[in-house]
Amino acid sequence: MILSGRGVTAVLGPTNTGKTHYAIERMVAHETGVIGLPLRLLAREVYTRLVDKVGQHNVALVTGEEKITPHMARYSVCTVEAMPRETRAAFVAIDEVQLAGDLERGHIFTDRVLHLRGRDETLLLGAATMKPILEQLLPGIHVIERPRLSQLFYAGSKKITRLPQRTAIVAFSADEVYAIAELIRRQRGGAAVVLGALSPRTRNAQVALYQEGDVEYLVATDAIGMGLNLDVDHVAFAQDRKFDGYQFRNLNPAELAQIAGRAGRHLRDGTFGVTGRVDPFDDELVKRIETHQFDPVRVLQWRTTRFDYSSLSALRQSLDAPPPIGGLTRALPAVDQQALEQLSRYPDVRDLTTTPERVEKLWEACALPDYRRITPAQHADLISTLYADLVRRGTVNEDFLGDQVRRADRTDGEIDTLSARIAQIRTWTYVSNRPGWLADPTHWQEKTREIEDRLSDALHERLTKRFVDRRTSVLMKRLRENAMLEAEISVNGDVFVEGHHVGQLAGFRFTLASGTEGPDAKAVQAAAQKALALEFEARAARLHAAGNGDLALGSDGTVRWLGDPVARLAASDHVMRPRVILLSDEQLTGNARDHVAARIERFVNHHIATVLKPLDDLSRAEDLQGLAKGLAFQLVENLGVLFRRDVAEDVKSLDQEARASIRKHGIRFGAYHIFMPALLKPAPAELITLLWALKNDGLDKPGYGDLIPVLAAGRTSVVTDPSFERAFYKLAGFRFLGKRAVRIDILERLADLIRPLLQWKPGTPRPEGAYDGRRFMATTAMLSILGATPDDMEEILKGLGYRADSVKAEEAAAHLAAATPAPADATAVAPAETSAETADEHDVDAAEGESEAPAAVAEASAVVPVEAPAAEAVEAPAAEEAAAEGEPVEAKPVLLWRPGSRHDNQRQGHRHGGDRQGDRQGQGERRGGDRHRGQPAGERGERREGGRGRPDQAKGRDGKPQGGNRPDRGEHRPERNERGGKPQQAKFEARPPRKEKPIDPDSPFAKLAALKEQMKK
C-alpha cells in the first residue's frame, strides 16, 4: 500500500478553534463537495448552515437513517459511515479524525482518511494529537495548527447545588444523568438532558431549551464533546469513568479535554472542574488540559476493505487480515463482524450463502447498526430474518416490517419506554434507507421518519416535564436580578407571574398551581397577591353591576358568577330566606366585599321569589286573616304541601269567604293534601328540595336531588328506594306509599275517580268500577292516570289504606249482571247528584280541585294507559279461549276494594311493608285523621313527616255532623252496618242540624247550581 498526502490539508487543534466553520467556508468555495461528520446530530447542524448559505436545493443530507437528496445537489453532508468510498466531488472534508483511534468506530474513520479524496482539495479536521500519525501515513500532507480562541481554566470541586449558571454537568450513565437532572430541577429550576441514546430531534430540542435560556444547566454524557456548539461557561465532571463497549475505564486526558473544551465560546474564556463524588484533578492533569498537551495518537484502528465473498468462511478469514503497513492496528471485531460470527453458526444461513452474491448480501445485512443495544444473539436473529427475506423474496417482507413499525408507533409510556421505541424505529428507518431492500422504500422512509419524529417529540416532552420547571427557573432568574416580578390575570382567571402560570383565580378565591414550592414560593405568592388586590376590586365592581343572567344557583347551594363559585347558601331562621356566605380570600375587604354580598343576596332573594312565586306571594299576602292566614303560614313553613289530616280542624273551620281568599293564591284543597299545583314542576321542586336540605342539613343525605329527574320526565308514580330520605319524596311532589310513591296531584285525581264509586247507590246508573256502594274495582282510568300496572295499583291502594276482598269471578259477574248498566261517563254521576246546598265540605273541595287542576294533571291523563282488563270482564273471554283449546283454566278472582277498618288492622297487623304501613295508617287516622267519605287513611310514615294537626269533625252523607262530640271520626267515613247490624244512618239522626255557611260565589258549585237553575227555566 503506497499512500500519499499530496493535496491533503490537516487542520488540527483543540476545541473552539473554528475548524468546522473553516471547512464549510472552503466547501462552498468549490463547485461540489462532500463533508463527513461523526454524529448524525452534528450532520444535521452543518446541513442547516449550508442550506442557509446556498439554498435547500443545492444540499443533500445522507446518514444511515435519513436521506434528503435534491436533484442535482452540489453539496453532500454525511455521517462518516455514510460517506461514499469514492467520489468525483471537488472538495472532501472529514471532521474529528482523531476518532480513527476509537476501538469501536475507528476503522471506518481510518479508511476514509486513507482513501477518500476530493478532486481539488481534501481537509482532515481534528485534534493536534493526530499530527505525527498523519504525517507518517500520508507523506506530503500539509498540516495547519489552529490555536484555541479562548482560554480554559480549572475551577476545582463544587457541590452540584453550588455550580454556576450556564454549566454542563457530565456523567456517563443514564441513571446518573437522570438523578442529577432531578436534583437540579428541585434546587435550581430544571436542566436540559443530552444522551447519546436520544434521537437527534430530541437532542436538538433539549439543547434548544438550554441555548434559549429556559434552563441554566445541561446534564449530558460525552455526546456534547463532538462538535456541538453550546453556550457553556463551565463544565463539571460528575463521573470520570465510562464503559467503552468492552470495559469500564478512566477517561484519558485527551478525552477529558475534548469534553472540557466545550466551556467557553469564541473569545469568551471557560472553566472546568469536578462535582459529586469525583476526586479533584491533580495538578499535572489540570496543566495538560489547560495547555492542550496530550500524548500523540500512535496507531489507527484498521480493518481491510478487500473482502473475499467467495464463501462464508473466506469472508471471515479476509476480515482477519493484518494491516499492510505500520501505524495501523487490526481493529477489534465491530458489531457487524460480531453479527457475522453469530450468523455463521446458523444452519439456515449457511445453507443460503451458496454464491458470492449471497455472501456479499449477508455482509451488507450485517452492517445493520445495533441501535437497540441488545445482545449479539438477538441482533443476529433480526439480521437472519431480514437476510432470509432478501435472498428468498428479493426484498424484506413488508408485512413483517409493518408489524414491527406498528409496535413502535405509540407515544405513551415514560422516558425509558420511549427511548426504546425510538431505538427500534431507528432500526427500521435504516432498513428503509438501504437501496434495494424494500419494494416501496419511499413509503416506509416517510412513515418511519414520521413515527421517529412523533416519538422524539413525546420524549422531549417527558424529559421537559420531568426535569424542567420553567416557571421556577425564570422566577429564580428574576429574583437573582432583584427585579420586580410582573403579574397578570387572563380572562379565564389564570394568574401569570413573569409569563408563567402560577395559579387560578375562580371568583374571589386564588389557588396556587400544584408544585409551587421551593425558595421562590413566597415571592410568587407575593407577586400574585399584588395583582389580585386590584383584580378583586375590579371584579367586585363588575359583579355589583352584573345582571341576574350572569348569576346562577346550583343544586348544591353554590351561587356562581359566570361559572365561578362566589357564595354558598346556609340555613337561617326562615326557610325561604337562606343565609349567604361569601367564598372569597382575605383580599376582598371593605366596600368591595359589602357590594358583593349585597348583590348576591339580592339575586338569591329574586331567584327564590321568581321560581317559588306562588309560595313567596303567599308569604307576603295581606288579604288573609285569621285561620286563613295561619293555614298560609303553615303552607309556607312546609314549602307548599300539607297533609290534610294535619290541619283538618283548621280546614273545617274555614268559611267560604276564607276558602275563596286562599284559593286566589293558587292553593288546592284536596282529599289528602292542601297544596299548590304550580309548585309541582321540576324547577320549583328542585329549589324547594334545596331549601329544605339547607334547613335540615340534608345535602349529603341519600336521595338528595335524585327525584327531580323523575318529576321532569313526567312520571306519575315511581318505585320507592328505601335508602332515600323519606322527606325528599314529599318535596319533589310525591307521596310515599310504601313500595311506590305517587305524585300528589295524581293522588287527588285518583280520589276523584274513587269517590263516586263509593257514593253510588244501587238502583241508580252504576259508574264503571262501582260494585255495591261500599266497594269498588280498579279501572283502566285509574291505571292510566297513575301510569301503573295492576300490581302497582294494588300496592298503591294498599299504601292508601284500602283493603281488598277477593271474590270469585263468577260471583262478581253475577252481581254485576244484576246491577243497573253503567253510563258512558262514570265521573259525571257524582256531580250531577250534588248541589251547592247539599254537598258536604269534601265534595266542594274535590270539585274545586277538578276545576283548578294544574297542567301536570293534564299531562298525566295523556299517559298511555297500561293495558289491563276491566274488572267487569272477570276474565270470561280468556276462560272461553282456554276451554276451547282443551286446557282447564281457573279465572282469576276479582279484588273489591274498600276503606280499611279497625278490624282489618287487628287481623293483618303481622304484615309488613306497604300493607302494614297502610293498616297502621288507617288505624291512626281513625283515631284523629282526615277520613273523607270514600277515602282511606294516609300512611303512618306521613304522620311523622307532616306533624300533628287537629282532626276534622266527621260529617255524614247528608252533610250533617255525625258522632256528636266525637271529633276523632273522619268527615267522610263510609257507612258501616257490620257492627250489630245497625245502619250508620241512625247516628245521623242524633246530631243537631248543621249550620249553613255562606256560599262562595266563585265556587265551581255555585256556578254549577246557577247553570242547573237556568236549565230548569
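Here the structure is a predicted model, which is why all the values come from computation and not from measurement.

What counts and what doesn't
Residues numbered from 1 in each chain as written. Predicted model: local features only at pLDDT ≥ 70, side-chain atom pairs only at ≥ 80, totals over all residues. Heavy atoms only, no water. Helix = DSSP H or I, 4+ residues; strand = E, 2+ residues; numbered from the N terminus. Expected span 1.5 Å × (residues − 1). Buried < 20%, exposed > 50% of the residue type's maximum accessible area, 1.4 Å probe, protein only. Axes fitted to C-alpha atoms, helices over the stretch in contact; angles between N-to-C directions. Parallel < 35°, antiparallel > 145°, perpendicular 65-115°, else oblique. Left-handed = near helix turned anticlockwise from the far one by under 90°. Nonpolar A, V, L, I, M, F, W, Y, C, P; charged D, E, K, R; others polar. Contact = heavy atoms within 4.5 Å. Pairing = 2+ DSSP bridges. Salt bridge = Lys/Arg side-chain N within 4 Å of Asp/Glu carboxyl O. pLDDT = per-residue confidence, 0-100.

Caption draft 1: Helix H15 (residues 415–432), seen in detail. A rise of 1.5 Å per residue sets the reference length of H15, with its 18 residues, at 26 Å; its end C-alpha atoms lie 26 Å apart and thus fit the reference within 8%. Most of H15 sits out of view: 15 of its 18 residues are buried.

Caption draft 2: A look at the packing of H15 against helix H16 (residues 441–467). Where H15 contacts H16, the axes come no closer than 9 Å and their chain directions differ by 160 degrees. The pairing of H15 with H16 is recorded here as roughly antiparallel in orientation. The interaxial crossing formed by H15 with H16 has left-handed handedness. Grouping the constituent residues of the contact of H15 with H16 by class yields 13 nonpolar, six polar and six charged.

Caption draft 3: Examining the environment of Lys739 more closely. Note on placement: Lys739 falls in the loop between strand E31 (734–737) and strand E32 (740–743). For Lys739 and Pro722, which are 17 residues apart along the polypeptide, the C-alpha to C-alpha distance reads 8.4 Å.

Caption draft 4: A look at the packing of helix H7 (residues 253–260) against helix H8 (residues 283–291). Close contact between H7 and H8 brings their axes to 9 Å; oriented N to C, the two are set at 55 degrees. Put simply, H7 runs oblique to H8. Crossing handedness for the pair H7 and H8: right-handed. Residue-level contacts link Pro253, Leu256, Ala257 and Ala260 of H7 to Leu285, Arg288 and Ile289 of H8. A breakdown of the residues in the contact of H7 with H8 according to their chemical character gives six nonpolar, no polar and one charged.

Caption draft 5: Inspection of unusual backbone geometry at higher detail. For Met72, which is not a glycine, the phi torsion comes out positive at approximately 65 degrees. Looking at the element boundaries, Met72 is found in the loop between strand E4 (67–68) and strand E5 (75–79). Note on Met72: relative accessible area 64%, which makes it exposed. Of note in the backbone geometry, Arg166 takes a positive phi value of approximately 60 degrees without being a glycine. Here Arg166 shows up in the loop between strand E9 (152–158) and strand E10 (167–170).

Caption draft 6: View of the pairing of strand E1 (residues 8–12). Within E1, five of the five residues are buried, which leaves it mostly tucked inside the rest of the structure. Bridging between E1 and strand E7 (residues 121–126) involves five bridges; their strand directions are parallel. By the bridge assignment for E7, Val8 is matched with Thr122. In this structure, E1 lies alongside strand E8 (residues 142–145), joined through four bridges in parallel fashion. Paired with Ala10 across the strands is Val143, a residue of E8.

Caption draft 7: Fine view of the pattern of salt bridges. If you walk through the whole model with that rule in mind, you get 45 salt bridges. Across the pair Lys361 and Glu364 runs a salt bridge whose closest N-O atoms are separated by 3.6 Å. With Lys361 and Glu364 both in helix H12 (residues 356–366) and three residues apart, this pair spans about one turn of that helix. Residue classification places Lys361 among the partly exposed positions, given a relative accessible area of 26%. Between Glu649 and Lys652 there is a salt bridge; the shortest N-O distance is 3.6 Å. Here the residue Glu649 and the residue Lys652 both occupy positions in helix H22 (residues 648–653), the gap between them amounting to three residues, near one helical turn. This pair shows no difference in class: Glu649 is buried, exactly as Lys652 is. One network of salt bridges, with partners in common, ties together Arg40, Arg44, Glu66, Arg449 and Glu452.

Caption draft 8: Structural context of the confidence of the model for the protein. Confidence along the protein averages 80 in pLDDT terms, with 78% of residues attaining 70 or more. The secondary-structure element of the protein with the lowest mean pLDDT is helix H33 (residues 855–861), recorded at 33, while strand E6 (residues 91–94) shows the highest, at 97. Contacts from residues 906–993, a stretch scored under 50 in pLDDT, to residues over four places away or in other chains number 210 contacts.

Caption draft 9: How the structure looks around the sheet that holds strand E16 (residues 270–275). Read across the sheet, six strands follow the order E9-E16-E13-E10-E12-E11 without closing on themselves; strand pairing throughout is parallel. Each edge of the open sheet is held by one strand with a lone partner, namely E9 and strand E11 (192–194). If you compare each strand with its neighbour and ignore which way they point, the axes differ by 25 degrees on average. Taken together, the four bridges between E10 and strand E12 (residues 217–220) define a ladder with parallel strand orientation. Directly across from Thr167, in E12, lies its bridge partner Tyr217. On top of the sheet, helix H5 (residues 174–188) reaches E10, E11 and E12; it is set at about 165 degrees to E12, its chief contact.

Caption draft 10: Main features of the sheet that holds strand E30 (residues 717–719). Within the open sheet, the three strands sit side by side as E30-E32-E31. Their pairing is antiparallel. In the strand order of this sheet, the two ends are held by E30 and E31, each with one partner. On average, each strand axis in the sheet is tilted by 25 degrees relative to the strand beside it, whichever way the strands run. Bridging between E30 and E32 involves three bridges; their strand directions are antiparallel. The residue bridging Val718 from the neighbouring strand is Ala741, located in E32. This element, helix H27 (residues 744–759), spans E31 and E32 of the sheet and lies at about 85 degrees to E32.

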